[in-house]
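Summary of structural features
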Amino acid sequence: MNKIEQMRLCLMLAFQSMISQGENAKSKEAAQRIVALARLMDEFCDLHLKQTFPEKTIELAEDKWTTKIDAALNMHVEELQKREETQLPEDRETLIQFYDRLQQRKARRKQWLFYAEASTEQLADLVLKYLDEEIEDRKAGGYQ
């Protein structure tokens, strides 16, 4: 989420908060309070977001390939947001790379909160579980 999206989300949450408290959001004073509350939310996120979603966890799986693919995907996301259309590559290999990376990004977004809250023991147990599954899959499928 970029900084503009974060602020927009904060504005929506602040607006919803005011409405849920029975405030009339149409007045100039209410709009000023909504903006002030959104700024507080945004500042809070800036202060605490790195603690909740540590960058180290994200960097572990990054490499030059993912950086290039992410840049291309982000360009398509921006085009879709602005124009509601984009021209995807036509070659199968690139489409497979895009699809694969999008699946990884989606899984990572779902896991961020877990990473922030999980103990080292929990993470180690899960790594061992998946290593065991990897061994079983190799035995069953005969791949290396």
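See above for the structure.
Our focus in this paragraph is the nonpolar core. If you look at the biggest cluster of nonpolar residues, it comprises seven residues: M7, C10, A14, M18, A25, I34 and A38. Counting residues per element, the ones that place at least two in this core are α1 (3–20) and α2 (28–52). Excluding its chain neighbours within four sequence positions, the residues that come into contact with A14 are I34, L37, A38 and M41.

For the coordinates displayed, the defined rule picks out five salt bridges. The salt bridge partner of R105 is D70, with a shortest N-O separation of 3.0 Å. Of this pair, R105 sits in helix α5 (residues 92–117) while D70 sits in helix α4 (residues 64–83), and the two are 35 residues apart along the sequence. Across the pair K129 and E133 runs a salt bridge whose closest N-O atoms are separated by 3.6 Å. Here K129 and its partner E133 are both found in helix α6 (residues 120–141), four residues apart, which amounts to about one turn of the helix. Under the relative-accessibility criterion, K129 is labelled partly exposed at 39%. Among the ionic contacts, a cluster of salt bridges with common partners joins D70, R101 and R105.

Before going further, it helps to examine α4. Given a rise of 1.5 Å per residue, 20 residues ought to cover 28 Å, and the 29 Å separating the end C-alpha atoms of α4 matches this to within 8%. For α4, the full list of buried residues reads T66, I69, D70, L73 and H76. End-on, the buried residues of α4 take up no more than an arc of 130°, which puts them together on one face. Within α4, the exposed residues directed more than 90 degrees away from the buried face are K64, K68, K82 and R83. Looking at the buried positions of α4, the neighbouring elements they touch are α5. One or two positions beyond α4, positive phi appears at E84, with a value near 60°.

The rules behind each value
- Residues numbered from 1 in each chain as written.
- Predicted model: local features only at pLDDT ≥ 70, side-chain atom pairs only at ≥ 80, totals over all residues.
- Heavy atoms only, no water.
- Core = buried A, V, L, I, M, F, W, Y, C linked by side-chain atoms within 4.5 Å.
- Buried < 20%, exposed > 50% of the residue type's maximum accessible area, 1.4 Å probe, protein only.
- Helix = DSSP H or I, 4+ residues; strand = E, 2+ residues; numbered from the N terminus.
- Contact = heavy atoms within 4.5 Å.
- Salt bridge = Lys/Arg side-chain N within 4 Å of Asp/Glu carboxyl O.
- Expected span 1.5 Å × (residues − 1).
- Arc of directions from axis to C-beta.

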